[in-house]
Amino acid sequence: MAVAGLLVACGDSGRADSASATAPTTVATSIGSLTLPPETTMTDPTQGGSMSATEGTDGTVGQTESASGDPPTTTNGSMSGMTMTTNGGPKFDLGVTPDGGMGCAGDMDIDESFIWIPATSDGLVSKINTRTLVEEARYLTGPSGAAESVSRTAVSGDGRFVVVNARGTGRSTAVAANIADCIDFNGDGQITTSTSVADIKPWGTDECVVWTLVHPNWSGQYIEGPRGITWTIGDYDKATCTYKNQKVWLGFGALQAGSANMVRLDGATGVMEQSLEAVAWNGSGYAPYGGALDPLGNAWFTGLRGELARVNANENPISLTRIPSPPTSRPTA
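Residues numbered from 1 in each chain as written. Predicted model: local features only at pLDDT ≥ 70, side-chain atom pairs only at ≥ 80, totals over all residues. Heavy atoms only, no water.

Chemist: Let's hear about empty space enclosed by the protein: which residues, and what values?
Modeler: If you walk through the whole model with that rule in mind, you get one cavity of 30 Å³ or more. The calculated volume of the largest cavity comes to roughly 40 Å³. Looking at the lining of the largest cavity element by element, the count peaks at three residues for strand 9 (residues 134–140). The class makeup of the residues in the lining of the largest cavity is five nonpolar, one polar and three charged. (1 Å grid on protein atoms, 1.4 Å probe; cavity = no way out; pocket = protein on both sides within 12 Å on 5 of 7 lines; lining within 4 Å. Points joined across faces, edges and corners; volume = space filled by probe spheres on them. Helix = DSSP H or I, 4+ residues; strand = E, 2+ residues; numbered from the N terminus. Nonpolar A, V, L, I, M, F, W, Y, C, P; charged D, E, K, R; others polar.)

This is how it looks when you write it as structure tokens:
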């Protein structure tokens, strides 16, 4: 199932040398070496997208990329589909609203490029920088080690947070990608967090693990532990160039035998805001197996070789539409 979302990359105008606004910039592109006069925008005829450049203090040309995890675009390769400027202003690489000059202030870049890999046998999740291919940190996701049986992960649309589901303990845990989003729980004025592969903090002490909860209505069975999961996009805040009010939808097997719960959590705190129960859930005995978000903000869940369910998030009250699996199909995740 295709998932549509708005992902915006915001550049830091403070990185550009103010003197570059009065000097031409030379860049190598997929269409040859070109010299750009000050504040000039050009069009790449191979792609139909506009391109310009910001020269930094070290003579390099600055770019941005979306939060989707795409590889960074370099100055000696194709720069198609991205917009840069020579005037040191805000930079976006998507041709959608909001655009440059609409309040992308300070250092609040939405410019993430991490992949999060759960280690089931260790009860932890690894944070890997997809640009450098360096594993930057490891985080415990619960106190029970391998018994956590961590599995499904979901990253927020702006790349700032990941939620990890633990099938073995009925636990969901959120980790912040950036120090700015971590929480100084002990009030010592600094953030204590993992800084390398070997630097795994004891459970409950890593301050980039921003929330964790064991789902109270979980059946207690491994096969019904939380699996299917997805984030909502949230509301764009022009003043800070960040997304607010992001939610997490996930599913697990309920205490009522054979039923499944689809719950909505506050992405920032983990507080449960909504719970829907699907009686007689058809998923081969497993909890909702996969999750996705559609362009209208509705969460979808699949049953393992079973049914499909849509959370009608825009209705009041929120409802659940259940779609039986056709005989010739075998939905999984």
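Chemist: Go over the sheet that holds strand 7 (residues 114–119) with me, naming the residues and quoting the values.
Modeler: Read from one edge of the open sheet, three strands run 7-8-9, paired in antiparallel fashion. The sheet terminates laterally at strand 7 and strand 9, the two strands that pair on one side only. Across this sheet, the average inter-strand angle for adjacent strands is 25°, counted without regard to direction. Across six bridges, the pairing between strand 8 (residues 124–129) and strand 9 is antiparallel. (Pairing = 2+ DSSP bridges. Axes fitted to C-alpha atoms, helices over the stretch in contact; angles between N-to-C directions.)

Chemist: So what's going on with the packing of aromatic side chains? Which residues, and what values?
Modeler: For the structure shown, the criterion picks out four aromatic pairs. Aromatic side chains W116 and Y139 sit 6.1 Å apart centroid to centroid with 35° between the ring planes, which places their arrangement in the tilted category. On the criterion of sequence distance, the pair formed by W116 in strand 7 and Y139 in strand 9 is long-range, its members being 23 residues apart. The buried category is assigned to W116, whose relative accessible area is 5%. The buried category is assigned to Y139, whose relative accessible area is 3%. Geometrically, the ring pair formed by Y236 and Y243 is edge-to-face, given 5.2 Å between the ring centres and 65° between the ring planes. Given the relative accessible area of 4%, Y243 is considered buried. Lying across the ring of F114, K127 places its NZ or CZ 4.5 Å from the centre. Over the ring of Y289 we find R152; its NZ or CZ atom is 4.6 Å from the centre of that ring. (Phe/Tyr/Trp six-rings, centres within 6.5 Å; stacked < 30°, edge-to-face > 60°. Buried < 20%, exposed > 50% of the residue type's maximum accessible area, 1.4 Å probe, protein only. Lys NZ or Arg CZ within 6 Å of the ring centre and 35° of its normal.)

Chemist: For the environment of T132, give the residues involved together with the corresponding values.
Modeler: Residue placement: T132 occurs in the loop between strand 8 and strand 9. Counting along the chain gives 19 residues from T132 to S113, while the straight-line C-alpha distance between them is 9.6 Å.

Chemist: Account for the pairing of strand 8, naming residues and giving values.
Modeler: Counting buried positions along strand 8 gives five out of six residues, so the element sits mostly inside the fold. Here strand 7 runs beside strand 8; their pairing, made up of six bridges, is antiparallel. The partner of I115 across the bridge, within strand 8, is I128. Following strand 8, the chain reverses through four residues before pairing antiparallel with strand 9; L133 in that reversal takes a positive phi of roughly 65°.

Chemist: Provide a residue-level description of the side chain of E307, including the pertinent values.
Modeler: With respect to the element layout, E307 can be found in the loop between strand 21 (299–302) and strand 22 (308–312). Relative accessible area serves as the criterion here: at 6%, E307 is assigned to the buried category. In this structure the side chain of E307 is engaged in a polar contact, spanning 2.8 Å, whose partner is the side chain of R322. When residues no more than four places from it in sequence are discounted, the contact partners of E307 are A280, W281, N282, F301, T302, R322, I323, P324 and S325. (Polar contact = N/O pair within 3.5 Å; in protein donor to acceptor, adjacent residues only side chain to side chain. Contact = heavy atoms within 4.5 Å.)

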